[in-house]
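Here is how the chains run, residue by residue.
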Amino acid sequence: MKIKSIASTIVFSVALVFLFISCDGKEEEKARSQKPNIIYIMSDDHTTQGFGIYGSRLASLNPTPNLDALAKEGMIFDNAFVNNAICVPSRAAIITGQRAQTNGVLDLEGAIAPEKQFLPKEMKKLGYQTAIVGKWHLHHEPAAFDFYQVLPGQGKYYDPEFRVQGENPWPENVVQTKGHSSDMIMDATLDYLKNKRNPDQPFFLMHHFKAPHDDFEYAPRYEDYLADTFIPEPESLYAIGNHGSEAIRGTNDSLTRIVGSSVSHRNVIRNQAMNIYWNDSTIYKQYRNARDIKPEEYVKWQMDEEERNYTSKVYQDYLKKYLRCVKGVDDNIKRLLDYLKEENLLENTIIVYTGDQGFMLGEHDYIDKRWMYDESMRMPFFVRYPERIKAASRTDAIINNTDFAPTMIELAGGTTPEYMQGKSFKTILETGNEPADWQKATYYRYWMHLAHRHQNPAHFGVRTKDYKLIFYYGKYWVDTDDPKATWNKESWGNDFTNHTPPAWEFYDLKKDPKEMNNAYEDPAYTDTIADLKRQLITLREELNETDANYPHIQKVIDAHWND
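Residues numbered from 1 in each chain as written. Predicted model: local features only at pLDDT ≥ 70, side-chain atom pairs only at ≥ 80, totals over all residues. Heavy atoms only, no water.

**Student:** Lay out the sheet that holds strand β7 (residues 203–208) in plain terms, naming residues and giving numbers.
**Tutor:** Taken in spatial order, the ten strands make up an open sheet running β6-β5-β4-β3-β7-β1-β8-β11-β2-β12, and their pairing is mixed. Of all strands in the sheet, those with a lone pairing partner are β6 (174–176) and β12 (393–400), marking the two edges. Each neighbouring strand pair of the sheet contributes to a mean axis angle of 20°, computed without reference to strand direction. Of the strand pairs in this sheet, strand β2 (residues 75–81) and β12 are connected by six bridges, and their pairing is parallel. Among the inter-strand pairings, A80 is bridged to a residue of β12, identified as I399. (Pairing = 2+ DSSP bridges. Helix = DSSP H or I, 4+ residues; strand = E, 2+ residues; numbered from the N terminus. Axes fitted to C-alpha atoms, helices over the stretch in contact; angles between N-to-C directions.)

Written out as structure tokens, the structure reads:
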């Protein structure tokens, strides 16, 4: 009887152990199979110079303490690039995983209909509830999302209204808010997370700030932020050096007064004083007098001491406005992180942060974006997910914004659809290693020409880790045989009386990271430039980015390819 009792006890104990093992195994399996939430955060025109983690001249100001801390808990990308540094084409590339000629969005008038809103459609197939809050800017209703609360077009900085689902057809259902857009957009995101999502289902949320897009209208609480601080200035603000080419400078610098909107008085069509002092009639009138300069005087531009002082004042005011908008973004990021921590959502949520492109903060005396220069085409990009991504990791692997959608789809457990041109960099995130066959270059194209008074010539090019090659073809953007066959849309506000000549630019980024010396004519780089041109041909063909449909442009390319 005693032996039987002992045996029964042993059997019971073993069964109990197996039960615990089985339960633990199921819990582990459940944990492994639980899909992570994904929050994709994007600010408008938040450039890498406006962070601490990218080590720019502004890093000492500590402009993004919350974003920096978030970035250091994951992987930071040093070579993330946009396909076209302008809002709508960039957002179209992100939502479709496709290039401009494939998704059909070449300029600001492009749009993405619901059937082409591929990223949310693919996430829904993987069991995610999908939402977008903030700036949308792709014109059609974001109907592929389960939930949306988006700004109309660019939206307003103060008291923004949002378009939402409702009884009436898009875009007639409107929600009015009171406050600054960065706060209101975060309020909408937090309301969605608290009250509108299904807690039993993983969510994919795109949160898009309007800030720090111009006109840099910051929340009043930041009026004193950096008020008594001198903002470090780029050397290239005052000295252009051998930067650029005849395409943007003209013969004997004859185009410098009309190409590339400026901080200084240099550009008489658009400069930053016109932008940031518009509400002060006295100052605005004084600074706008620069527009009275006649075309024959364009070449006489110079940066004398008086102009340096003026430019410095404009730059200081410009950067303080910009960084106050950035401060509002950074503070609102903390609100989101605090909520995720309180609700125990942080560890199982992949957080992606980026800008929709870069932005020129006075480098080469430029404002705005559009350029293929690094400050404009480089995107801030980092990802936090402790379960799979090592903290304090960093990579110089080249990624492009068409790669974002494939990567998020694969992080969610899916596979990249064949119709997407981007490539998933999930392996890089999880291992920290760049695969041997990973892309070694990225292709860029700015389709618009002399548009929106920023007056940037149309151009395309290739960027590797070490070099950059740019071709400007703007002079022949108008088809002289068929003037209607152009992209001179009324909304661009172009002035085609000043055509820009075709020209090449080449920069050795190892020796010249600030792109001060166009070394295209340097014979030491003949072989390197020839190789980059071969890469350009290959990329244009592989990405469906040739000019087969624009023979007047291809004619220019052929005529000047070997210049």
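**Student:** Just give me the short version of helix α3 (residues 87–96), but keep the residues and values in it.
**Tutor:** Most of α3 is tucked away: ten of the ten residues are buried. Three or more residues of α3 are buried, namely C87, V88, P89, S90, R91, A92, A93, I94, I95 and T96. Where the residues of α3 are buried, they touch β1 (37–43), α4 (100–103), α5 (118–125), β3 (129–135), β7 and α12 (404–411). Positive phi shows up at G97, right after α3, with a value of about 70°. (Buried < 20%, exposed > 50% of the residue type's maximum accessible area, 1.4 Å probe, protein only. Contact = heavy atoms within 4.5 Å.)

**Student:** Explain the layout of surface pockets to me, using residue names and the numbers behind them.
**Tutor:** Looking at the largest pocket, its volume works out to about 600 Å³. Lining of the largest pocket is provided by 22 residues; of these, S56, E375, R378, P513 and K514 occupy positions nearest its centre. Grouping the constituent residues of the lining of the largest pocket by class yields five nonpolar, five polar and twelve charged. Estimates place the volume of the second largest pocket at around 380 Å³. Secondary structure elements with two or more residues in the lining of the second largest pocket: β13 (441–446) and α14 (526–542). When grouped by side-chain class, the residues that make up the lining of the second largest pocket number five nonpolar, seven polar and six charged. (1 Å grid on protein atoms, 1.4 Å probe; cavity = no way out; pocket = protein on both sides within 12 Å on 5 of 7 lines; lining within 4 Å. Points joined across faces, edges and corners; volume = space filled by probe spheres on them. Nonpolar A, V, L, I, M, F, W, Y, C, P; charged D, E, K, R; others polar.)

**Student:** Go over the sheet that holds strand β14 (residues 459–464) with me, naming the residues and quoting the values.
**Tutor:** Consider a sheet: its strands pair through backbone hydrogen bonds, and that pairing is either parallel or antiparallel. Spatial strand order, β13-β14-β15-β16: four strands in an open sheet with antiparallel pairing. Looking at which strands have only one partner, the edges of the open sheet turn out to be β13 and β16 (503–508). When strand polarity is set aside, the average angle formed by the axes of neighbouring strands in this sheet is 10°. Here β13 pairs with β14 via six bridges, running antiparallel. By the bridge assignment, A441 is partnered in β14 with T464. Across the sheet, α14 is in contact with β13, β14, β15 (467–472) and β16; its angle to β14 comes to roughly 110°. Along the sheet face, helix α15 (residues 551–560) touches β13, β14, β15 and β16 and points at about 120° away from the line of β15.

**Student:** Provide a residue-level description of the pattern of salt bridges, including the pertinent values.
**Tutor:** Applying the stated rule across the entire model yields 34 salt bridges. Taking the shortest distance from any N to any O, the salt bridge between D78 and R394 comes out at 3.0 Å. In this pair, D78 sits in strand β2 while R394 sits in strand β12, placing the two residues 316 residues apart along the sequence. Judged by relative accessible area, D78 falls into the partly exposed class, the value being 23%. (Salt bridge = Lys/Arg side-chain N within 4 Å of Asp/Glu carboxyl O.)

**Student:** Explain the packing of helix α2 (residues 65–72) against helix α10 (residues 305–342) residue by residue, including any values.
**Tutor:** Relative to each other, α2 and α10 sit at 50°, their axes nearing to 7 Å. Viewed along their axes, α2 and α10 adopt a mutual orientation that is oblique. Between α2 and α10, the contacting residues are P65, N66, L67 and L70 on the first element and D330, D331, I333, K334 and L337 on the second. Residues that form the contact of α2 with α10 fall into these classes: five nonpolar, one polar and three charged. (Parallel < 35°, antiparallel > 145°, perpendicular 65-115°, else oblique.)

**Student:** Tell me about α15, residues and numbers included.
**Tutor:** Because each turn of an α-helix spans 3.6 residues, side chains separated by three or four positions end up pointing in the same direction. Within the span of α15, buried status applies to H552, I553, V556, I557 and H560. All buried residues of α15 fall inside an arc of 145° around its axis, so they share one side. Of the exposed residues in α15, those oriented more than 90 degrees away from the buried face are P551, K555, D558 and A559. Turning to α15, the residues buried within the fold contact β13, β14, β15, β16 and α14. (Arc of directions from axis to C-beta.)

**Student:** Quick one: what's the story with the pairing of strand β11 (residues 381–384), residue by residue and with numbers?
**Tutor:** Every second residue of β11 is oriented toward a common face, with F381 and V383 on one face and F382 and R384 on the other, all of them buried. Relative to β11, β2 is paired through two bridges, and the arrangement is antiparallel. Along β11, the bridge assignment pairs I76 with F382. Inspection of the sheet shows strand β8 (residues 349–355) paired to β11 by four bridges, in the antiparallel sense. The residue of β11 that forms the bridge with T354 is F381.

**Student:** Give me the packing of aromatic side chains: which residues, what numbers.
**Tutor:** Within the structure shown, the criterion is met by 31 aromatic pairs. Measuring from ring centre to ring centre gives 5.7 Å for Y148 and W170, while their planes differ by 80°; the resulting arrangement is edge-to-face. One end of the pair, Y148, is in strand β4 (residues 147–151); the other, W170, is in the loop between β5 (161–164) and β6, with 22 residues separating them in the sequence. Owing to a relative accessible area of 2%, Y148 belongs among the buried residues under this scheme. Using a relative accessible area of 25% as the deciding quantity, one classes W170 as partly exposed. Here the aromatic rings of W504 and Y520 are separated by 5.9 Å at their centres, their planes lie at 5°, and the arrangement is stacked. Of this pair, W504 sits in strand β16 while Y520 sits in the loop between β16 and α14, and the two are 16 residues apart along the sequence. (Phe/Tyr/Trp six-rings, centres within 6.5 Å; stacked < 30°, edge-to-face > 60°.)

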